[in-house]
Amino acid sequence: MCMATFASEYRVLSKNEKSNDMIELKSGLGFILRRTRSQFAVVRYMRFDLEKREEDHFQSLMQLFLPYRADSDLKPEGFEMFSQFYKGGEVTFSDGSVHSVKTVVDENRAKFEVDCPDLERAQEIVEQNGVDEDVWGELCPEQEVERLECIEEMRQQQEGEKSDEQLMEAMENVPDLAVDNKKLAHLERPRKIMPRSEGLALVRSLNETQMAVFYKVRQWCLQKVMGRNPEPMHVFVTGGAGTGKSHLIRAIQYEAGRLLSTLCHQPDDICVLLTASTGIAAYSLNAATIHHTLSIGTHSSLPYTPLGEDKLNSLRAKFSQLQILIIDEISMVDHNLLTYVHGRLRQLKHTGDFSPFGNVSVIAVGDFISCLLLKGSPCITVRLV
């Protein structure tokens, strides 16, 4: 099996994941799990120009598409260059059959690269003449969003570094602050968003049921980003202790916040709000209670009492871009509190109709009996096991 096939058909399990079909690696290197045929991964890899970097080109081809166990197998004795082994070398399979390296590589490569020569020629034409019409955003909107995010993140980082340099230069001319320059130089700007590496690790650790919910929410966010204005979603996630409910909503908060932040006007705008019904649950999620967040009293009674203009304007400024509200421990939310959540969101969003929760999407997490609280609107219910 070549590396490309392995990466496409298998995935590495995290320490917390368990499966009856998992395969244990030798030397205590962990476990892997074969992907289902409908969920084979798309393999992405770097391409090297054949004319400009010939050796890198053939080395990468054999690393991806030639079965091997050690790097020395890619350029064995008698071959000084990777291109020589690719064109004239032979390999022996475990069944004793002998095959040319070029045949094996080309056959495996064909499984992942359809019409590769034509695509390479098209790429050369684009590099020489440019692109007349940019339709990449329509063909692969998800990748286009990530590309634009990377560009914006690099721009902000460069501007931040430039502003820090200007600040330090200005401080050198202020005698009272000159002593603390070294200390200030080590200060870092606070980061409210989970680092990309941690977010990806969190997403990869989700099991199949969790991943189904995750991608449902993610698809809704992508439609929102592309301006398709999807209907607000109402999702109820339930399951016993230890089924990963908190793990899932952290992953949803990370990914939804990352995608929907492109619609925000200010860097500090909140588009995904994580709350809990109790202080203990809020503390474990590093969040706030729903009462504190939406200025709802602990003993609010019906009929609903609208919020005053001063406090309401403050909340509107804070949550003007809110798209998704996540409520953990929904079992502790009675009908009075849920009515107040609905009323507050209607006030914040200026909705004149009686659309549930002011057209804000709601993801409720908790005991199964609580799904009755969302019976006023279509609700997707998922039970984690």
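Here the structure is a predicted model, which is why all the values come from computation and not from measurement.

Some words on the overall build of the protein chain
Then comes step 1: Helix and strand counts for the protein chain stand at 16 helices and 11 strands.
Then comes step 2: Looking at the protein chain as a whole, 36% of its 385 residues qualify as buried.
Then comes step 3: Here the protein chain displays about 24700 Å² of accessible surface, and carbon together with sulfur accounts for 52% of that area.

Some remarks on the sheet that holds strand β3 (residues 31–34)
Then comes step 1: One open sheet holds the three strands; their spatial order is β1-β3-β2, and the pairing between them is antiparallel. If you trace the sheet from one side to the other, it starts and ends with β1 (10–12) and β2 (23–24), each paired once.
Then comes step 2: Bridging between β2 and β3 involves two bridges; their strand directions are antiparallel. From the neighbouring strand, I23 faces β3, where its bridge partner is I32.

So, helix α10 (residues 196–204)
Then comes step 1: Within the span of α10, buried status applies to G199, L202 and V203. The buried residues of α10 occupy one face: seen down the axis, they fall within an arc of 95°. Turned more than 90 degrees away from the buried face of α10 sit S197 and R204, all of them exposed.
Then comes step 2: Buried residues along α10 sit against α11 (208–225) and α12 (245–260).

Quick word on the packing of helix α2 (residues 54–65) against helix α4 (residues 101–112)
Packed helix pairs are characterised by how far apart their axes lie and by the angle those axes make with each other.
Then comes step 1: Where α2 contacts α4, the two axes come as close as 9 Å, and the packing angle between them is 75°. With respect to each other, α2 and α4 are oriented roughly perpendicular. Residues H57, L61, M62 and F65 of α2 lie in contact with α4, whose contacting residues are V101, V104, V105, N108, R109 and F112.
Then comes step 2: Within the contact of α2 with α4, the residues separate by chemical class into seven nonpolar, two polar and one charged.

Quick look at unusual backbone geometry
Then comes step 1: Phi angles above zero are rare outside glycine, and N229 is one such case at about 50°.
Then comes step 2: With respect to the helices, strands and loops of the structure, N229 is situated in the loop between α11 and β6 (234–239).
Then comes step 3: For N229, a relative accessible area of 58% puts it in the exposed group.
Then comes step 4: In this structure, N359 takes a positive phi of about 65° despite not being glycine.
Then comes step 5: Within the fold, N359 resides in the loop between α16 (335–349) and β10 (361–366).
Then comes step 6: Since its relative accessible area comes to 40%, N359 is described here as partly exposed.

Some thoughts on the packing of aromatic side chains
Then comes step 1: Applying the stated criterion across every chain yields a total of six aromatic pairs.
Then comes step 2: Geometrically, the ring pair formed by F58 and Y86 is tilted, given 4.8 Å between the ring centres and 40° between the ring planes. Separated by 28 residues along the polypeptide, F58 in helix α2 and Y86 in helix α3 (residues 82–88) bring together distant segments of the chain. An identical accessibility class is assigned to F58 and Y86; each is buried.
Then comes step 3: Its guanidinium or amino end placed over the ring of F82, K75 lies 4.6 Å from that ring's centre, counting from NZ or CZ.

Considering the packing of α10 against α12
Then comes step 1: Viewed as axis vectors pointing N to C, α10 and α12 meet at an angle of 130°, and their least axial separation amounts to 9 Å. When the axes of α10 and α12 are compared, the pair comes out oblique. Two packed elements cross with a definite hand, and for α10 against α12 that hand is left-handed. From α10, R196, G199, L200 and L202 reach across to α12, where they touch H247, R250, A251, Y254, E255 and R258.
Then comes step 2: Its residues assigned to classes, the contact of α10 with α12 comprises four nonpolar, two polar and four charged.

Considering the nonpolar core
Then comes step 1: Counting residues in each nonpolar core, the largest one holds 30 residues, and the members touching the most others are F214, C221, I252, L260, I324, I326 and I363.
Then comes step 2: Counting only elements with at least two residues in this core, the list comes to α10, α11, β6, α12, β7 (272–276), β9 (324–328) and β10.
Then comes step 3: For this core, the element with the highest residue contribution is α11, accounting for eight residues.
Then comes step 4: Beyond its immediate stretch of four places on either side in the chain, I324 contacts V217, W220, C221, M233, A256, L260, C271, V272, L273, V360, S361 and I363.
Then comes step 5: With 24 residues, the next largest nonpolar core counts I296, L315, L337 and V360 among its residues.

Comments concerning the environment of G366
Then comes step 1: Within the element layout of this structure, G366 appears in strand β10.
Then comes step 2: Along the chain, G366 and V237 lie 129 residues apart, while their C-alpha atoms are 6.6 Å from each other.
Then comes step 3: When sequence neighbours within four positions are dropped, the list of residues in contact with G366 reads F236, V237, T238, G239 and I330.

Considering the pairing of β3
Then comes step 1: Pairing between β1 and β3: three bridges, direction antiparallel. Bridge assignment links V12 to a residue of β3, and that residue is I32.
Then comes step 2: The turn joining β2 and β3, which pair antiparallel and follow one another in sequence, is formed by six residues; a positive phi near 60° is taken by S27.

Rules of the game
Residues numbered from 1 in each chain as written. Predicted model: local features only at pLDDT ≥ 70, side-chain atom pairs only at ≥ 80, totals over all residues. Heavy atoms only, no water. Helix = DSSP H or I, 4+ residues; strand = E, 2+ residues; numbered from the N terminus. Buried < 20%, exposed > 50% of the residue type's maximum accessible area, 1.4 Å probe, protein only. Areas by Shrake-Rupley, 256 points an atom, 1.4 Å probe, with all protein chains shown as cover. Pairing = 2+ DSSP bridges. Arc of directions from axis to C-beta. Contact = heavy atoms within 4.5 Å. Axes fitted to C-alpha atoms, helices over the stretch in contact; angles between N-to-C directions. Parallel < 35°, antiparallel > 145°, perpendicular 65-115°, else oblique. Nonpolar A, V, L, I, M, F, W, Y, C, P; charged D, E, K, R; others polar. Phe/Tyr/Trp six-rings, centres within 6.5 Å; stacked < 30°, edge-to-face > 60°. Lys NZ or Arg CZ within 6 Å of the ring centre and 35° of its normal. Left-handed = near helix turned anticlockwise from the far one by under 90°. Core = buried A, V, L, I, M, F, W, Y, C linked by side-chain atoms within 4.5 Å.

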